[in-house]
Amino acid sequence: MSLTWRTIPTQLGVCKVNCKGLACLLVFTVSVCGSAPGMCPTACICASDIVSCTNKNLSRVPGNLYKCMKRLDLSYNKIGFLEPEWVPVLFEKLNTLIINHNSISSIITGSFSTTPNLKYLDLSSNSLKTLGSPVFQELRALEVLLLYNNQITQVDPSAFGGLYKLQKLYLSYNFLSHFPLDLYIGKHKLTDLVLLDVSFNHIQSMPIQRLSSVPAKHLSGIYLHGNPFYCDCVLHSMLIFWYQRHFSSVVDFKNEYTCSSRSDPRSYNKLPLLYNNFLNCSESTINSSFQAFGFIHDAQVGDRLIVHCDSRISDAGTHFVWVSPDNRLLEPDRETDNFKVFRNGSLEITDAQLDNSGLYSCIAINKKRLLNETIEVRINVSNFTVNRSHAHEAFNTAFTTLAACVASIVLVLLYLYLTPCPCQCKAKRRKRKQNQSSAHSSILNSTPPQELPADEKKASTGKRVVFLEPVHEPKHSQNGKVKLFPNDNIIAESILKTTRTKSDSDSVNSVFSDTPFMPST
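Here the structure is a predicted model, which is why all the values come from computation and not from measurement. (Residues numbered from 1 in each chain as written. Predicted model: local features only at pLDDT ≥ 70, side-chain atom pairs only at ≥ 80, totals over all residues. Heavy atoms only, no water.)

Colleague: So what's going on with the environment of Ile375? Which residues, and what values?
Modeller: With respect to the helices and strands, Ile375 occurs in strand S26 (residues 371–382). On a C-alpha basis, the gap between Ile375 and Trp322 in space is 9.5 Å, while along the polypeptide they are 53 residues apart. (Helix = DSSP H or I, 4+ residues; strand = E, 2+ residues; numbered from the N terminus.)

Structural data, given as structure tokens:
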């Protein structure tokens, strides 16, 4: 096949044109961008592979757009919902689609089937309330998704299923009340997600314990500022840890992290979460949070311990080295004493000893990206035997104290409830004496006692007896003997009469016979 050349005269000279090559170029252009003359709609502005149709009251995409465009801007229009026909033709080269500031309230599955190669999708400032499952499954190449300033209250765990290359997700200024943990843990987790912005939502608490298992390269891109958090020591410890790790999400928005008391959540007095320890959090609570995030590791003597270097630049081409508390350099493939460093940055201590305790530094270096990061990890090695003996002694002391307290209580109870009452003892003694007095009186009195009135009988309950000493009358006729009884003209009479009153129950009437007792001759 022969080629024909034509000479075209110009002001600068003669130019030869290959007609066959020109025809081929024209066919290629038509096949790519279409053959219709009106490739740019009148309502849009076209610049090379960029088409801008902003603020034109459009409710759907114009049908005569050329297929070779890479960026389409449909912001500030009246698009109400997305369905499979809202983009009429297939746009394989389109990688950026901007649909912000419309009235989009729902997205139906299959809406992006004609734009499968999108890398940037902006759906911000619309009226979306929920994200069902799965609405973005066709966008396998999507890297950035903007959904901020909507009315989203709930996100289905599988709503972002299939977005295996998604790196940045913006969900700020919505109505989310729970942190979307399924993006990091679970069946539909996004392994390449390095930025999640959920700032200025309605999140009041965080799943910190479960979040602690997320690698640092993901944690460093979580933006939480502007949420109405409850004041909590664990949350405070997590944010302090992130601040010490120099996460830009905390360092750049330090003043935006505030909290309120649970007793008064609507209070206008917001407390700063990152300024000093105003919550009076205990050291154990802070340390437990640091342990959960891998900042503190505990081990016993003789244990095998593996500590990971949780760096944000732990991608291919990153070199790791460790520095021990005594400033020894620990490198991969070089065993030093009981230390070993793996190529993925993990440090192994084969036989932990007490002198291995201290602050270790992991240095991650990426020469291609010109990045480096230093992570400090504290390792505490303790002796289990010593700790157990101390614990045993403490238990013995506590048990002894408790036993002494119980014994003291028992003794007090015995004293209060089992000791005889003194009043009862006195009453028994008084009754016994009264019986003895009655017996003596019956012996000394030869005549029966006079009958007393009934009221006096009741009052007379005892008698008092007085014994008279024998009178000594030394006479010569008696040779100094004691005269037991006097003569008839001497009457030995002793009558003790005590007037008994009603108020004195202890007074006793003693009555003796008037007839003297004479011995028989």
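Colleague: Run through the sheet that holds strand S22 (residues 329–330), naming residues and quoting values.
Modeller: Taken together, the 5 strands give an open sheet; going across it, the order is S19-S26-S25-S21-S22, and neighbouring strands pair in mixed fashion. The sheet is open, and its two borders are formed by strand S19 (296–300) and S22, each paired with just one other strand. The pairing of strand S21 (residues 318–323) with S22 spans 2 bridges and is antiparallel. Within the sheet, the bridge partner assigned to Trp322 lies in S22 and is Leu330. (Pairing = 2+ DSSP bridges.)

Colleague: Describe the pattern of salt bridges, with residues and values.
Modeller: Taken as a whole and judged by the stated rule, the model has 7 salt bridges. When salt bridges with common partners are traced through the structure, they connect Arg245, Arg312 and Glu373 into a single cluster. (Salt bridge = Lys/Arg side-chain N within 4 Å of Asp/Glu carboxyl O.)

Colleague: I'd like a rundown of the sheet that holds strand S14 (residues 195–197), residues and numbers included.
Modeller: The strand order across the open sheet built from 9 strands is S3-S4-S5-S7-S9-S11-S13-S14-S15, with neighbouring strands paired in mixed fashion. A single partner strand is all that each edge strand has here, and the edge strands are strand S3 (45–47) and strand S15 (222–223). Relative to S14, strand S13 (residues 168–170) runs parallel, the two sharing 3 bridges. Counterpart to Lys168 in the pairing with S14 is Leu195.

Colleague: Lay out the state of the cysteines with the relevant residues and their values.
Modeller: In protein chemistry, a disulfide is the covalent bond that joins the sulfur atoms of two cysteines. What the rule picks out here adds up to 4 disulfides. Across a sulfur-sulfur distance of 1.9 Å, Cys44 and Cys53 are joined as a disulfide pair. Between Cys44 and Cys53 the sulfur-sulfur dihedral comes to about 105 degrees; the bridge is accordingly right-handed. Note on accessibility: Cys44 and Cys53 belong to one class, buried. What pairs with Cys309 in a disulfide is Cys362, and their sulfur atoms sit 1.8 Å apart. Across the S-S bond of Cys309 and Cys362 the torsion is about -100 degrees, and the bridge reads as left-handed. Taken together, the residues span a long stretch of sequence, with Cys309 in the loop between strand S20 (305–307) and S21 and Cys362 in strand S25 (residues 358–366) at a distance of 53 residues. By the burial criterion, Cys309 is buried, and Cys362 matches it. (Disulfide = S-S within 2.5 Å. Buried < 20%, exposed > 50% of the residue type's maximum accessible area, 1.4 Å probe, protein only.)

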